[in-house]
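# Reading the structure
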Amino acid sequence: IYTSPIKTNTTEQLNAGGLATIYDITNLKKLEQIRTEFVSNVTHELKTPLTSIRGFIETLKSGAIDDKSVAVKFLDIIDIESERLSSLINDILQLSEIENKTKDSDISSHKINNTVKEIYDMIQGVASKKNVQLSFEVEENITITANKNRIKQMLINLIDNAIKYNIDGGTVYLKVFKTEGKINFIIKDSGIGIDEEHIHRIFERFYRVDKGRSRNMGGTGLGLSIVKHIVNLYNGNIKVTSKLGSGTEFIVQLPA
Ligand code: ADP
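Residues numbered from 1 in each chain as written. Predicted model: local features only at pLDDT ≥ 70, side-chain atom pairs only at ≥ 80, totals over all residues. Heavy atoms only, no water.

Now for the sheet that holds strand β6 (residues 171–179). If you walk across this open sheet you meet the 5 strands as β4-β6-β7-β9-β8, and the pairing is mixed. Pairing within the sheet leaves two strands with one partner each, and these edge strands are β4 (133–138) and β8 (237–243). Going across the sheet, the axis of each strand differs from the next one's by a mean of 10°, ignoring polarity. In the sheet, strand β7 (residues 182–189) pairs with strand β9 (residues 247–255) via 8 bridges, with the strands oriented antiparallel. When the bridges of β9 are listed, Ile187 appears paired with Phe250. (Pairing = 2+ DSSP bridges. Helix = DSSP H or I, 4+ residues; strand = E, 2+ residues; numbered from the N terminus. Axes fitted to C-alpha atoms, helices over the stretch in contact; angles between N-to-C directions.)

As structure tokens, this is what we get:
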């Protein structure tokens with residue numbers, strides 16, 4: 001039993017006439033542990049590219065700059081690592097923004113097929129570089145009342161993963177359709193799949209099945225965590241089915 005003026009779970013009238021707050025300390029401890037873990041993960045994730053950047057700058061300064069081809073190679077690495085830092089900071093900021101929300105801001109009614117068209121134009125280049133074929137099928141005239149950027153972010157993160165964890169010559173299929181009271185999004189890929197032992201953890205922050213592959217693809221380990229928070233913010237649900245070696249399917253349902 002813990003007395004706290006901050007938050008009330010159950011209140012009881014004491015004999016003395018004061019108010020006691022009964023607080024589940026196990027929950028508090030769990031929250032504190034999650035927070036500490038997150039801070040330590042963030043620190044580690046930020047330090048990794050920074051250490052690499054500083055290392056290559058040092059090597060350049062101590063002579064490597066005189067060999068032009070070596071210097072160009074090192075500068076390219078510094079460039080990639082800086083980009084990684086920037087994506088990481090963007091994802092952390094996004095996550096902390098939605099995490100504290102119970103209702104989204106900038107809500108408007110907009111047509112899903114316009115949003116999907118914008119995503120297609122944005123992502124088509126990335127897909128063709130990886131020789132992955134996109135096929136999008138969106139029911140006409142579905143309107144959603146939501147923060148447009150948020151819905152766009154949710155779909156981009158899922159489609160981006162479907163491309164990243166795909167095989168050469170693979171496919172990504174997006175279907176959007178309406179059923180009673182719900183807007184359904186199916187994102188299906190023919191990629192590497194996710195093993196059963198990992199599937200229940202992929203929505204955790206910084207959890208990656210294959211850290212090396214994720215890093216090489218520019219992943220931050222936060223994409224699906226952001227997706228899950230967006231889905232929760234809109235009282236929707238998300239399901240994933242996957243088979244190692246034969247692809248993954250995500251189904252998101254949002255209230256219409
Ligand atoms: P990342 O930045 O590493 O892609 P995410 O949070 O988006 O982070 O995804 C977490 C992990 O889940 C990825 O590292 C990857 O191992 C796995 N994953 C996500 N989407 C897919 C997919 N479509 N196919 C296979 N594995 C996936």
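Having seen the model, we can carry on.
Looking at the protein chain as a whole, the pLDDT averages 90, with 91% of positions reaching at least 70. Least confident of the elements in the protein chain is strand β1 (residues 10–13), whose mean pLDDT is 42; most confident is β7, at 98. Interface predicted TM-score (ipTM) for the complex: 0.99; the corresponding pTM is 0.86. (pLDDT = per-residue confidence, 0-100.)

Another aspect to go through is the site of the ligand. Lining the immediate surroundings of the ligand are 19 residues, of which Asn161, Tyr165, Ser214, Thr220 and Gly221 lie closest. A distance of 2.6 Å separates an oxygen atom of the ligand from a polar side-chain atom of Tyr165. Separating an oxygen atom of the ligand from a backbone N or O atom of Leu224 is a distance of 2.9 Å. Coverage of the ligand by the protein chains reaches 97% of its 530 Å² of free accessible surface. More than half of the atoms of the ligand fall within 2 Å of the grid points belonging to the largest pocket. Of the residues forming the shell around the ligand, the biggest block, 3 residues, is contributed by helix α4 (residues 148–164). (Near = heavy atom within 4 Å. Polar contact = N/O pair within 3.5 Å; in protein donor to acceptor, adjacent residues only side chain to side chain. Areas by Shrake-Rupley, 256 points an atom, 1.4 Å probe, with all protein chains shown as cover. 1 Å grid on protein atoms, 1.4 Å probe; cavity = no way out; pocket = protein on both sides within 12 Å on 5 of 7 lines; lining within 4 Å. Sits in = over half its atoms within 2 Å of the grid points.)

Now for the packing of helix α2 (residues 68–99) against helix α7 (residues 223–233). Relative orientation of the contacting elements α2 and α7 amounts to 20°, with a least axis distance of 10 Å. As the angle between them shows, α2 and α7 are arranged roughly parallel. Along this stretch, α2 crosses α7, giving a crossing that reads as left-handed. For the pair formed by α2 and α7, the contact residues are Asp91, Gln94, Leu95, Ile98 and Glu99 on the first element and Ser225, Ile226, His229, Ile230 and Leu233 on the second. In terms of residue class, the contact of α2 with α7 is built from 5 nonpolar, 3 polar and 2 charged. (Parallel < 35°, antiparallel > 145°, perpendicular 65-115°, else oblique. Left-handed = near helix turned anticlockwise from the far one by under 90°. Contact = heavy atoms within 4.5 Å. Nonpolar A, V, L, I, M, F, W, Y, C, P; charged D, E, K, R; others polar.)

Here we take up the packing of aromatic side chains. What the rule picks out here adds up to 4 aromatic pairs. A ring pair is formed by Phe38 and Phe206, whose centres lie 6.0 Å apart and whose planes are at 25°; its orientation type is stacked. Taken together, the positions of Phe38 in helix α1 (residues 25–61) and Phe206 in the loop between α5 (196–199) and α6 (211–216) put the pair 168 residues apart, joining distant regions of the chain. Judged on exposure class, the residue Phe38 and its partner Phe206 are both buried. Looking at Lys175, its charged tip hangs above the ring of Phe177, at a distance of 5.3 Å from the centre. Arg205 extends its terminal NZ or CZ atom over the ring of Phe38, reaching a point 4.4 Å from the ring centre. (Phe/Tyr/Trp six-rings, centres within 6.5 Å; stacked < 30°, edge-to-face > 60°. Buried < 20%, exposed > 50% of the residue type's maximum accessible area, 1.4 Å probe, protein only. Lys NZ or Arg CZ within 6 Å of the ring centre and 35° of its normal.)

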